[in-house]
Amino acid sequence: MATKARVLYNFTAEPGNAELTVKEGEIITITNQDVGGGWCEASNALGMTGLVPTDYVEANNADDPWLNWNTTSAGTWSTNNAGAAEDDEWDDDWNESKPPPSIIPHTESEAAETGLARGAPRNNSVKMPRNRFPTFIKHGPEVYLLSKQPVKTTEKITIHKGEVGPVWEYPTSSLSCVVADPKKGSKLYGLKSYIEYQVTPNNTNRSVNHRYKHFDWLCERLLIKFGSAIPIPSLPDKQVAGRFEEEFIKMRMERLQSWMNRMCHHPVISNSEVFQLFITCRDEKEWKLGKRKTEKDDVVGIMIFSTMEPPAEDIGLLEAEQKVEMFSKFTKAMDDGVKELLSVGQEHWKSCAGALPKEYQKMGKAMQNLSQVFATSGYEGESILTDPLTEVGKTFEEIASIFAEQPKKDLHYLMETNQEYKGLLGCFPDIISVHKGAIEKAKEGDKLVALNKVTPQEKNTMVNRIGTMSYAFQAEMNHFHNNRIYDYNSVIQLYLQQQIEFHEMIAAKLKQALTHFTVQQ
């Protein structure tokens, strides 16, 4: 069904892309709202039809008052009531100046796909996919490669030459933040409720309070600013129902904590102005000023490379290309391995929570039933068998409970770590695409010079800036590998230790059951 919609932002179509140029305030007709990838099909008053970003239009509520356009790049329609089910929409006092949203279709990150919520499926979760890069990156890496005037900024991101190659400059003291003490709050005279979390950084030990939507804003700003160079994983899913249940709040807080840990441990992210604003600003006026300043930041997207200062060494295009290709193959293979372990782990969790305990319960019940049968024999010495046999039956029922609870002690952390890395790995295809696009553009240097589209000096500048991008890419690659080795070392050790304790506990139960039997001659 065709629906009238109002254009929120100017959008200029690119030739050959089947897009439609629209102007802010224009009324258009949505002919297909489910094109996918963050696009819809629309026609204007002149009868021209083409694709328009879904985030650039909103439904005309005068024509259909109960519908509104979902502006989360999902390209779907939603009811106002459904939106109100989650407390995380932007409020007027929060989103004073909203920039045009992203318009580039991308491979949706799978970081927020349904995972194990302490062993239970998350049927009420809502994926909130986002396009990875803001509008201006649509023009490609040449925005940075051919930029004549660097962006005026005091920002500086330093890259050193370490033992493993280029590395980010790490701070002398490690930053950490504790996400804790969730409290329920309300607004609009109690009509709208929300959960607020206390965030306490170790560099100040002064707590700031944030709701989920504030974390969501931070994630979006980090993505816009650093997404071309650094993977910014998605936040945990939004929730339609059960948002105030204790188990969900506990799960969300745990995952927000994991996300904050990942951001705190990144030397570039943790030192950025927007991140420091989030973890330190307590004054509402200062927060709003800082928020506006952040949203007007020009050093975002591909231009983040203009702030980087790597060693002054030449890097050939071939070497840069090889580094990108090698890491691309590794991340694809790791992504497959992570997904396989998640799938196997989920099946194992189901077995531990269902099939295995049931088998032990059946065994325990059968032994106790047999004991009861033996007790009817009337034989005077029967108790030396029936009593121990009853204890064995009870032991097997206890083992069933141990099996059911064990995944929460070991498999949970292994699955959560894999879920985190699944999200991180989902970010790399877009980052790799930026670098591949830049390398391809630089390869065309001689051709562009011959066509008088660039000067020889500009061509050399392009190659030098590819060197900067390559050093940044390698620094992030080394950061990823270093964290990966540490994280998997830690979580596998924890898993094995818990498994040892698990089997020792079962062995102790069985040994205790054995002591009830006397040796018969």
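Residues numbered from 1 in each chain as written. Predicted model: local features only at pLDDT ≥ 70, side-chain atom pairs only at ≥ 80, totals over all residues. Heavy atoms only, no water.

Describing the environment of Ala472
Inference 1: Note on placement: Ala472 falls in helix α12 (residues 456–514).
Inference 2: Sequence-wise, Ala472 and Met308 are 164 residues apart; in three dimensions their C-alpha atoms are separated by 7.6 Å. (Helix = DSSP H or I, 4+ residues; strand = E, 2+ residues; numbered from the N terminus.)

Side note on the packing of aromatic side chains
Aromatic ring pairs are described here by two measures, namely the spacing of the ring centres and the angle between the planes.
Inference 1: Under the definition given, this model contains 17 aromatic pairs.
Inference 2: Aromatic pair Trp217 and Trp287: ring centres 5.4 Å apart, planes at 65°, arrangement edge-to-face. Here the residue Trp217 occupies a position in helix α3 (residues 212–226), and Trp287 occupies one in helix α7 (residues 284–295), the gap between them amounting to 70 residues. Trp287 carries the same exposure label as Trp217, and that label is buried.
Inference 3: Taking 5.8 Å as the distance between ring centres and 65° as the angle between the ring planes, the aromatic pair formed by Tyr421 and Phe480 counts as edge-to-face. Placement of Tyr421 in helix α10 (residues 411–443) and of Phe480 in helix α12 is noted, with a sequence separation of 59 residues between them. (Phe/Tyr/Trp six-rings, centres within 6.5 Å; stacked < 30°, edge-to-face > 60°. Buried < 20%, exposed > 50% of the residue type's maximum accessible area, 1.4 Å probe, protein only.)

So, the sheet that holds strand β9 (residues 157–162)
Inference 1: An order of β10-β9-β15 is seen for the 3 strands of this open sheet, with the pairing classed as mixed. Lying at the two open borders of the sheet, with one neighbouring strand each, are β10 (165–168) and β15 (308–309).
Inference 2: As defined by bridge partners, β9 adjoins β10 across 4 bridges and the pair is classed as antiparallel. The partner of Gly162 across the bridge, within β10, is Gly165.
Inference 3: Contacts from α12 reach β9, β10 and β15 within the one sheet, and its direction differs from that of β10 by about 75°. (Pairing = 2+ DSSP bridges. Contact = heavy atoms within 4.5 Å. Axes fitted to C-alpha atoms, helices over the stretch in contact; angles between N-to-C directions.)

Points about the pairing of strand β12 (residues 192–201)
Inference 1: With respect to burial, β12 is a largely interior element, 7 of its 10 residues being buried.
Inference 2: Relative to β12, strand β11 (residues 177–187) is paired through 9 bridges, and the arrangement is antiparallel. If you follow Val179 over to β12, its bridge partner there is Val199.
Inference 3: Bridge analysis of β12 against strand β13 (residues 208–211) gives 4 bridges, and the strand direction is antiparallel. Across the sheet, Glu196 pairs through a bridge with Arg211, a residue of β13.

Let's talk about the pattern of salt bridges
Inference 1: All chains considered together, the criterion is met by 20 salt bridges.
Inference 2: Measuring nitrogen to oxygen at the nearest pair gives 2.8 Å for the salt bridge that ties Lys443 to Glu321. One end of the pair, Lys443, is in helix α10; the other, Glu321, is in helix α8 (residues 317–375), with 122 residues separating them in the sequence.
Inference 3: The exposure class assigned to Lys443 is partly exposed, which follows from its relative accessible area of 41%.
Inference 4: Given the relative accessible area of 28%, Glu321 is considered partly exposed.
Inference 5: For Lys443, the salt bridge identified is with Glu440, shortest N-O distance 3.5 Å. Of this pair, Lys443 and Glu440 both sit in helix α10, 3 residues apart, which is roughly one turn of the helix.
Inference 6: With a relative accessible area of 40%, Glu440 lands in the partly exposed category.
Inference 7: Each of Glu155, Lys225 and Asp297 takes part in salt bridges that share partners, so that together they form one network. (Salt bridge = Lys/Arg side-chain N within 4 Å of Asp/Glu carboxyl O.)

Examining the packing of α8 against α12
Packed helices, taken two at a time, are described by the angle their axes make and the gap between the axes.
Inference 1: Viewed as axis vectors pointing N to C, α8 and α12 meet at an angle of 25°, and their least axial separation amounts to 11 Å. The angle between α8 and α12 places the two elements in the roughly parallel class. Every pair of crossing elements has a handedness; the one defined by α8 and α12 is left-handed. For the pair formed by α8 and α12, the contact residues are Leu317, Ala320, Lys323, Val324, Phe327, Phe330, Met334, Val338 and His348 on the first element and Ile466, Ser470, Phe473, Gln474, Met477, Phe480, His481, Arg484, Tyr488 and Tyr495 on the second.
Inference 2: Of the residues belonging to the contact of α8 with α12, the class tally is 13 nonpolar, 4 polar and 2 charged. (Parallel < 35°, antiparallel > 145°, perpendicular 65-115°, else oblique. Left-handed = near helix turned anticlockwise from the far one by under 90°. Nonpolar A, V, L, I, M, F, W, Y, C, P; charged D, E, K, R; others polar.)

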